[in-house]
Amino acid sequence: MEEYEELKPGVRESLPEVEQISDPDLRERVVAAWAMALSETEFTSIDQIRPSGNPDSPALKRGTQADHLRGVARIALAMADSLESIVGSIGFDRDLLIASALCHDIGKPFEFSPENQKRWSANPRASGFPAMRHPVYGAHIAISAGLPEAVCHAAGGHSGEGELIVRSLENTIVHHADHAFWRILTSAGMLED
């Protein structure tokens, strides 16, 4: 746990939106989960992870992986709040939505790890390439860190893997916010060629 303690201040600095989570236990679990994810790789900060959707997809021209997480959290909240202002309550849990958005890519340190990428590409038949994509590994981290099942569900089902399940309300919002983030910035010319 000491190793995680050293990483937690950096997580809080990278993800200031975590302070919008009103439940102090959930807030701390989100920070601890990210610290755990980082501790299992050579990364010491979310900002060191390539700012792209996948290791081989175009990266942001400016900004970090933390900016992606923050953007998804803000887009998700804006979508949910905007809908509620028009149609009334849609029944989302604000804390779970923020936590899910901030943790949807919690498996990226593992998948994006240069050491893992090098090992997998050297012998894809040994354990695959990648051995696990970030949604699967993210669900593992989320469960291991004691995050609520709804947050684990969003980590594991926000991406293509989510096409095989029925997404929760919060995960549906995060899924669309995540795709909107990348699609809008692609259209705006904000990704590398």
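Residues numbered from 1 in each chain as written. Predicted model: local features only at pLDDT ≥ 70, side-chain atom pairs only at ≥ 80, totals over all residues. Heavy atoms only, no water.

Where helix α2 (residues 24-39) contacts helix α4 (residues 94-103), the axes come no closer than 11 Å and their chain directions differ by 5°. It follows that α2 is roughly parallel to α4 by the angle criterion. Between α2, through L26, V30 and W34, and α4, the contact on the second element is made entirely by D95, L96, A99, L102 and C103. Split into classes, the residues belonging to the contact of α2 with α4 amount to seven nonpolar, no polar and one charged. (Axes fitted to C-alpha atoms, helices over the stretch in contact; angles between N-to-C directions. Helix = DSSP H or I, 4+ residues; strand = E, 2+ residues; numbered from the N terminus. Parallel < 35°, antiparallel > 145°, perpendicular 65-115°, else oblique. Contact = heavy atoms within 4.5 Å. Nonpolar A, V, L, I, M, F, W, Y, C, P; charged D, E, K, R; others polar.)

What follows deals with helix α10 (residues 169-187). With 19 residues, α10 extends 27 Å between its outermost C-alpha atoms, agreeing within 8% with the 27 Å of an ideal straight helix rising 1.5 Å per residue. The complete set of buried residues in α10 reads E170, N171, I173, V174, H175, A177, D178, F181, W182 and L185. Next to the buried residues of α10 lie α3 (65-87), α4, α5 (108-112) and α9 (149-157). Positive phi appears at G189, one or two residues downstream of α10, with a value of about 75°. (Expected span 1.5 Å × (residues − 1). Buried < 20%, exposed > 50% of the residue type's maximum accessible area, 1.4 Å probe, protein only.)

The next thing to look at is a nonpolar patch on the surface. A grouping of L83, I86 and V87 is seen on the molecular surface, where their side chains present a nonpolar patch of about 330 Å² in accessible area. Note that L83 resides in helix α3. Judged by its relative accessible area of 44%, L83 is partly exposed. (Patch = residues over 30% accessible without salt bridge, like charges linked within 9 Å, V, L, I, M, F, W, Y side chains within 5 Å. Areas by Shrake-Rupley, 256 points an atom, 1.4 Å probe, with all protein chains shown as cover. Salt bridge = Lys/Arg side-chain N within 4 Å of Asp/Glu carboxyl O.)

On to the side chain of K8, then. Checked against the element boundaries, K8 lands in helix α1 (residues 2-14). A polar atom in the side chain of K8 sits 2.9 Å from the side chain of E5. Each residue touching K8, except ones within four places of it in the same chain, is listed here: E28, V31, A32 and A35. (Polar contact = N/O pair within 3.5 Å; in protein donor to acceptor, adjacent residues only side chain to side chain.)

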